[in-house]
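These are the residues of each chain, in order.
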Amino acid sequence: KTEKIENKTVRTALLTFTKEEISNLTKLGDVLFIDGTNVPNKLNWLCYPITLVDERLSLQCGGVLFVSRTTSDIFKWFFESLFQLMQRLNIMDNIETIISDEDLSFMKAIDDLNLQRDKKILNVICFWHKMKNLEKKMTELHISPDIKEKIKSLFYRIAKCPKKEIVIQSIEQMKSYSEELNQIQFE
């Protein structure tokens, strides 16, 4: 993707695929994990690997997005380019879920994309990011270390339990440890 910035044409994004990555997308492309690197580099570009999980629960690459800016327009371009590639190569458009961090521009691009599609894509925030957000919030609230551990244990139970009633009970128990936790939305 190139854009006009200060009257100059500048490359702002690059999407790359190998033959193996296209094969992986074809077989495993119903759930995509997309999370950008957060490592400073000399070129100031971010790398967004498209990660897939195979039947042996091994991680496979499905391509890489490089961006110099993280805007919803760039992520919209990414999705449009990905869908065009899938259409051109007769790969079924079978993306059902994208698991990512809480990048607002990324989430907006998915929301905008869903407005244009009959088949909606579910965007799920990954467990690791949710846990980091909870830990940060507990630090801000000055919750004692022993209570933090109890809350984290309940959060792990929520993440791994398929039973709705246990999840609801765990959320209520977490909230009982701190009045301030009642303000957090657990989704």
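From a predicted model like this one, the values you see are computed outputs, not experimental measurements. (Residues numbered from 1 in each chain as written. Predicted model: local features only at pLDDT ≥ 70, side-chain atom pairs only at ≥ 80, totals over all residues. Heavy atoms only, no water.)

(A) Up close: the pairing of strand 6 (residues 59–67). Two strands pair when backbone bridges link them, and strand 3 (residues 13–16) and strand 6 are joined in this way by 4 bridges, in the antiparallel orientation. Its bridge partner being in strand 6, alanine 13 is matched across the sheet by valine 67. One ladder, built from 7 bridges, connects strand 5 (residues 46–53) with strand 6; its direction is antiparallel. Its bridge partner being in strand 6, tyrosine 48 is matched across the sheet by leucine 65. Taking the residues that link successive antiparallel strands as the turn, the strand 5-strand 6 hairpin has 5 residues, and the phi of leucine 57 there is positive, at about 65°. (Pairing = 2+ DSSP bridges. Helix = DSSP H or I, 4+ residues; strand = E, 2+ residues; numbered from the N terminus.)

(B) Here's a closer look at helix 6 (residues 164–176). Its 13 residues give helix 6 an end-to-end C-alpha distance of 19 Å, which sits within 8% of 18 Å, the value for a rise of 1.5 Å per residue. Along its buried surface, helix 6 packs onto helix 4 (127–140) and helix 5 (145–160). (Expected span 1.5 Å × (residues − 1). Contact = heavy atoms within 4.5 Å.)

(C) View of unusual backbone geometry. Positive phi, close to 65°, is recorded for leucine 57, a residue that is not glycine. Inspection of the secondary structure assignment puts leucine 57 in the loop between strand 5 and strand 6. When its relative accessible area of 71% is taken as the criterion, leucine 57 is described as exposed. Here histidine 142, not a glycine, exhibits a phi torsion of approximately 60°, which is positive. Along the polypeptide, histidine 142 turns up in the loop between helix 4 and helix 5. (Buried < 20%, exposed > 50% of the residue type's maximum accessible area, 1.4 Å probe, protein only.)

(D) Fine view of the packing of aromatic side chains. Tallied over the full model, the rule gives 6 aromatic pairs. A centroid spacing of 5.1 Å and a plane angle of 80° characterise the contact between phenylalanine 75 and phenylalanine 106, whose relative ring orientation is edge-to-face. Of this pair, phenylalanine 75 sits in helix 2 (residues 72–88) while phenylalanine 106 sits in helix 3 (residues 104–115), and the two are 31 residues apart along the sequence. Phenylalanine 106 shares its class with phenylalanine 75; the two are buried. With 5.4 Å between their ring centres and 25° between their planes, phenylalanine 127 and phenylalanine 155 make a pair best called stacked. With phenylalanine 127 in helix 4 and phenylalanine 155 in helix 5, this pair connects stretches of sequence that are 28 residues apart. By relative accessible area, phenylalanine 127 is classed as partly exposed at 31%. By the ring-pair criterion, three or more aromatic residues cluster together here, those being Tyr48, Phe75, Phe78, Phe79 and Phe106. Sitting over the ring of phenylalanine 83, arginine 117 keeps its end group 4.6 Å from the ring centre. (Phe/Tyr/Trp six-rings, centres within 6.5 Å; stacked < 30°, edge-to-face > 60°. Lys NZ or Arg CZ within 6 Å of the ring centre and 35° of its normal.)

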